[in-house]
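# Breakdown of the fold
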Amino acid sequence: MGLLSDPVRRRALARLVLRLNAPLCVLSYVAGIAWFLALAFPPLTQRTYMSENAMGSTMVEEQFAGGDRARSLARDFAAHRRKSGALPVAWLERTMRSVGLEVYTQSFSRKLPFPDETHERYMVSGINVYGILRAPRAASTESLVLTVPCGPDSTNSQAVGLMLALAAHFRGQIYWAKDIIFLVTEHDLLGTEAWLEAYHDVNITGMQSSPLQGRAGAIQAAVALELSSDVVTSLDVAVEGLNGQLPNLDLLNLFQTFCQKGGLLCTLQGKLQPQDWTSIDGPLQSVQTLLLMVLQQASGRPHGAHGLFLRYRVEALTLRGINSFRQYKYDLVAVGKALEGMFRKLNHLLERLHQSFFFYLLPALSRFVSIGLYMPAAGFLLLVLGLKALELWMQLHEAGVGPEEAGENPPHPLTQGVGLASLVAPLLVSQAMGLALYILPVLGQHVATQHFPVAEAEAVVLTLLAIYAAGLALPHNTHRVVSTQAPDRGWMALKLVALIYLALQLACITLTNFSLGFLLAASMVPAAAITKPSEPRYVLLSPHCRARTPPHGFYLTRSSSPPGASAPPQGALCCPAGADEPSSYTPGQPVPVAGAAGGTALPDRGLAALPGHAGPGRAGAPHLRRPALPTAGSGPLPLLAALLERALLEVTEAAGSSPRSLLPRK
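All values derive from a computational prediction rather than experimental measurement. (Residues numbered from 1 in each chain as written. Predicted model: local features only at pLDDT ≥ 70, side-chain atom pairs only at ≥ 80, totals over all residues. Heavy atoms only, no water.)

## As for the overall build of the chain
In plain terms, the rule: Every helix listed is a DSSP run of H or I at least four residues long, and every strand listed is a run of E at least two residues long, numbered separately from the N terminus. Partly exposed describes any residue whose relative accessible area lies between the buried limit of under 20% and the exposed limit of over 50%, with all areas from a 1.4 Å probe on protein chains only and scaled to the type maximum. In this analysis, two residues are considered to be in contact whenever any of their non-hydrogen atoms come within 4.5 Å of each other. Note that accessible areas follow from Shrake-Rupley with a 1.4 Å probe, and for residues the cover is restricted to the protein chains shown.
A count of helical and extended segments in the chain gives 19 helices and 16 strands. By the burial criterion, 46% of the 666 residues in the chain qualify as buried. Within the chain, residue pairs in contact and separated by at least 24 positions form 78% of the contacts whose partners lie at least 6 positions apart. Summing over all exposed atoms, the chain offers an accessible surface of approximately 33,000 Å²; the carbon and sulfur share of this is 61%.

## Side note on the UniProt feature "transmembrane region" (unreviewed entry) in the chain
Let me state the cut-off plainly: UniProt positions are given in the numbering used here, feature names are shortened, and annotations may be inferred rather than shown by experiment.
In the UniProt entry, the feature "transmembrane region" (unreviewed entry) is given for residues 20–41, 357–385, 418–440, 452–474 and 494–522. Annotation note: span residues 494–522, helix share 97%, strand share 0%, distance between end C-alpha atoms 22 Å.

## Some words on the side chain of Thr 185
Residue position: Thr 185 is located in strand 5 (residues 179–186). Overall, the relative accessible area of 0% leaves Thr 185 in the buried class. Contacts of Thr 185, omitting those with residues within four sequence positions, involve Asn 128, Thr 147, Val 148, Pro 149, Cys 150, Gly 191 and Thr 192.

## Re the sheet that holds strand 1 (residues 46–47)
Keep this limit in mind: Criterion used throughout: strands pair if DSSP finds at least two bridges between them.
Here three strands make up an open sheet; going across it, the order is 1-12-11 and the pairing antiparallel. Single-partner strands in this sheet number two, and they are strand 1 and strand 11 (360–364). Alignment of strand 1 against strand 12 (residues 367–370), held across two bridges, turns out to be antiparallel. When the sheet's bridge partners are listed, Arg 47 is paired in strand 12 with Arg 367.

## Structural notes on the confidence of the model for the chain
Going by this rule: Confidence scores labelled pLDDT are given residue by residue by the predictor and lie between 0 and 100.
On average, the chain scores 76 in pLDDT, and the residues at 70 or more come to 70%. In the model, residues 657–666 has pLDDT below 50 throughout and makes nine contacts with residues more than four positions away in sequence or in other chains.

## Quick word on helix 2 (residues 7–38)
Filter applied, for reference: Across the chain, bend at a residue is computed as the angle between axes fitted to the seven residues ending at that point and the seven starting from it.
Within helix 2, the axis deviates most sharply at Asn 21, by approximately 50°, and proline Pro 23 lies no more than four positions further along. Within helix 2 the residues assigned to the buried category are Arg 11, Ala 14, Val 17, Asn 21, Cys 25, Ser 28, Gly 32 and Phe 36. If you follow the buried residues of helix 2, they end up packed against helix 8 (281–299), helix 11 (371–397) and helix 18 (514–530).

## Some thoughts on the pattern of salt bridges
Applied cut-off: A side-chain nitrogen of Lys or Arg and a carboxyl oxygen of Asp or Glu constitute a salt bridge if their distance falls within 4 Å.
By the definition in use, this model includes nine salt bridges. The salt bridge involving Arg 134 is made with Asp 179; its shortest N-O contact spans 3.3 Å. Note that Arg 134 is positioned in the loop between strand 3 (121–133) and strand 4 (142–150) and Asp 179 in strand 5, a separation of 45 residues in sequence. Among the residues examined, Arg 134 registers a relative accessible area of 29% and is labelled partly exposed. Linking Lys 178 and Glu 142 is a salt bridge whose minimum nitrogen-to-oxygen distance equals 3.3 Å. Residue Lys 178 is located in the loop between helix 5 (157–171) and strand 5, and its partner Glu 142 is located in strand 4; the two are separated by 36 residues in the primary sequence. Lys 178 sits in the buried class, given a relative accessible area of 2%. Counted as one network, the salt bridges with shared partners bring together Glu 102, Arg 134 and Asp 179.

## Here's the deal with a nonpolar patch on the surface
Let me state the cut-off plainly: Like charges within 9 Å and nonpolar side chains (Val, Leu, Ile, Met, Phe, Trp, Tyr) within 5 Å are joined into patches, using only residues over 30% in relative accessible area that form no salt bridge.
On the surface, a nonpolar cluster with roughly 590 Å² of combined accessible area is contributed by Leu 435, Tyr 438, Ile 439, Leu 440, Leu 443 and Val 447. In this fold, Ile 439 is placed in helix 14 (residues 424–451).

## With respect to the packing of helix 3 (residues 67–84) against helix 4 (residues 89–98)
Note the cut-off: Inter-axis angles, ranging from 0 to 180 degrees, are taken between N-to-C directions of lines fitted to C-alpha atoms, where helices are fitted over the stretch in contact. What sets the label is the angle itself: under 35 degrees gives roughly parallel, over 145 gives roughly antiparallel, 65 to 115 gives roughly perpendicular, and the rest give oblique. Crossings are classed by handedness, with left-handed meaning an anticlockwise turn of the near helix from the far one by less than a right angle and right-handed meaning a clockwise turn. Residue polarity is assigned by list, with Asp, Glu, Lys and Arg as charged and Ala, Val, Leu, Ile, Met, Phe, Trp, Tyr, Cys and Pro as nonpolar; anything else, Gly included, falls into the polar class.
Between helix 3 and helix 4, the least distance of the axes is 9 Å, while the angle of their chain directions is 155°. Put simply, helix 3 runs roughly antiparallel to helix 4. In the crossing of helix 3 with helix 4, the sense of the turn from one axis to the other is right-handed. Of helix 4, the residues touching helix 3 (which contributes Leu 73, Asp 76, Phe 77 and His 80) are Trp 91, Leu 92, Arg 94 and Thr 95. Across the contact of helix 3 with helix 4, the residue classes tally to four nonpolar, two polar and two charged.

## Re the pairing of strand 8 (residues 234–238)
Burial of strand 8 is extensive: five of the five residues sit out of reach of the surface. Residues Ser 234, Asp 236 and Ala 238 point to one face of strand 8 and Leu 235 and Val 237 to the other, with burial holding for every one of them. The pairing of strand 8 with strand 10 (residues 315–322) spans five bridges and is antiparallel. Its bridge partner lying in strand 10, Ser 234 is registered against Ile 322. Here strand 8 pairs with strand 9 (residues 266–268) via three bridges, running parallel. Each residue of the ladder has a partner; that of Leu 235, found in strand 9, is Cys 266.

## With respect to helix 8
One full turn of an α-helix is made of 3.6 residues, so residues set three or four places apart face in the same direction. Our working definition: A helix is expected to span 1.5 Å for every residue after the first.
Here helix 8 is 19 residues long and its end C-alpha atoms lie 28 Å apart, about the 27 Å a rise of 1.5 Å per residue gives. Along helix 8, the residues that are buried comprise Gly 282, Pro 283, Ser 286, Val 287, Thr 289, Leu 290, Met 293, Val 294, Gln 297 and Ala 298. On its buried side, helix 8 packs onto helix 2, strand 9, strand 11 and helix 18. Note on helix 8: the residue one or two positions beyond its end, Gly 300, has a positive phi of about 80°.

## Concerning the packing of aromatic side chains
The criterion, for reference: Pairing of aromatic side chains here covers Phe, Tyr and the six-membered ring of Trp, requires ring centres within 6.5 Å, and sorts the geometry by plane angle: under 30 degrees stacked, over 60 edge-to-face, intermediate tilted.
This structure, assessed with the given rule, holds 14 aromatic pairs. Consider the rings of Phe 170 and Phe 182, whose centres lie 6.2 Å apart with planes at 40°: the pair is tilted. Here Phe 182 lies in strand 5 and Phe 170 lies in helix 5, a separation of 12 residues in the sequence. Phe 182 matches Phe 170 in its accessibility class, with the two residues each being buried. What links up through ring pairs into an aromatic cluster is the set Phe 170, Tyr 175, Trp 176, Phe 182 and Phe 343.

## Some remarks on unusual backbone geometry
Unusually for a residue other than glycine, His 187 sits at a positive phi of about 60°. Looking at where His 187 falls in the secondary structure, it is placed in the loop between strand 5 and helix 6 (189–199). We classify His 187 as buried; its relative accessible area is 15%. Of note, the phi angle at Asp 201 is positive, near 60°, even though the residue is not glycine. One can find Asp 201 in the loop between helix 6 and strand 6 (208–209).

As structure tokens, then:
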């Protein structure tokens, strides 16, 4: 407390912070990136372990042997689908009833926001088919789901055949304590979302669907199955759900355990597990897997039907059978045994999965990074914004005021020098722009299609362009709102508030979706820290120049300085000979540079900034006359003409001759 209450020590602390701020910001940013890359190495990764006691042991005997039946059902399903051109609902109902399931159907429809150019349709409609295997040993209070999504591009016939074969095998067992739902959805995620909304009696996406006729208990876990061949070489698992949500880590550990027990190759992001962690190859492979998972999670898209189950607090995974050129091949029996073992272990659950992690990163299937280890990487990046905000706060309050001056002229508080009320308008406009980007594209789509001959996609694009064009005026008009008495302090206060607001937003995003928050912080923090507010650039009307300007252009002169007069400053713009002296700009007064960024154009004038040194010239130097051009106050034409004349003057001085001698002779 003494350090902060003593004005001398507080002043020394402020100077230290201002002097070391830039190195600390660079060090913090580099530390954040380095910490993130180090997450793939064993010191920061932990081996996965089973936290749920009911799933701790895999001592179950898998008895599934219906590989031939699964292949036969898959061929029949594919043949009926090719014949009907859609999901063979009647065949599925008949087959499910034949194995002893309660069979129900659900019809749904969804109006697309944009027309489907492939099929030329606005409305998508389909039918979901599901069968329920009732538990013989318990009431229908809990259930498990095995779902197979069928889309227009991938038929997923092998997965449907394996699911029906597993249903027939499960029907003959007596140890089930939970209902098992076998679900076949049409149109991939659309059908899955329609079934989930109807099952939980909600309507989130505006889906039109029929109510479900049959229900089971509360869904404890779900597995989505996708197979593209009768023979697979590995099973790839997808964990990323909607908005980066992840399932409980115990469910992933259960899948890996039964894959190891059955000798199946299991992959994550299409990558095998590193075998040798002592060499550099293992950590490098884990870095690639980690980066792929971060990119997938940051997209916010569900990478499988399981991602929609996570929204309803149902732990789920998507298993994809990969048939590559690896030498080891596995048939549907091996995959079926792994699924049987997983469902038998999930059948033992006494409560929902909750003991393991929900926030984690996976550099490999056998290793994970918990939230306590990866959050410092984002914390170091957000520390840069805090350091820059602290620097601005010090400059606004106590920087530049010593203890002696503090008694005579105490430092003005922030509200007195800047006026926090003046910062409300830019912040509200910024929030309004974000709200407009969220609401107006959809609203503009409906309005434009009703009143203008444009398509839906074109209407959204035009609305976004209009919003961005309107947003370009925000930086130009902000200086009118910021205090004109202390413009530097006003811009500093505005950036201070913007840095704090950006840090809070990134922190909230990082807590819910670390991958998205980290990528946004890694890209936005340098720009926010380096950007420095500045006022419009000014030039001085040199008192050494004559104050008359023709109405359509300007002359550039280099006159010798009077005795005792100082040379024109570097970059000063000299008024040409014979110019009309403007009433609002006197010699020596700062004038905004026309055509420059942030400058204001003078009416009927062609003033422009001149690069380089514009010191006193030789006595009697001839004037360079520019032909009369149309006035373009804020355009690039006056600036280009001034640059050309400046270059010609330098060439003339270097050659020691007049400009006329440089012209070609006849």
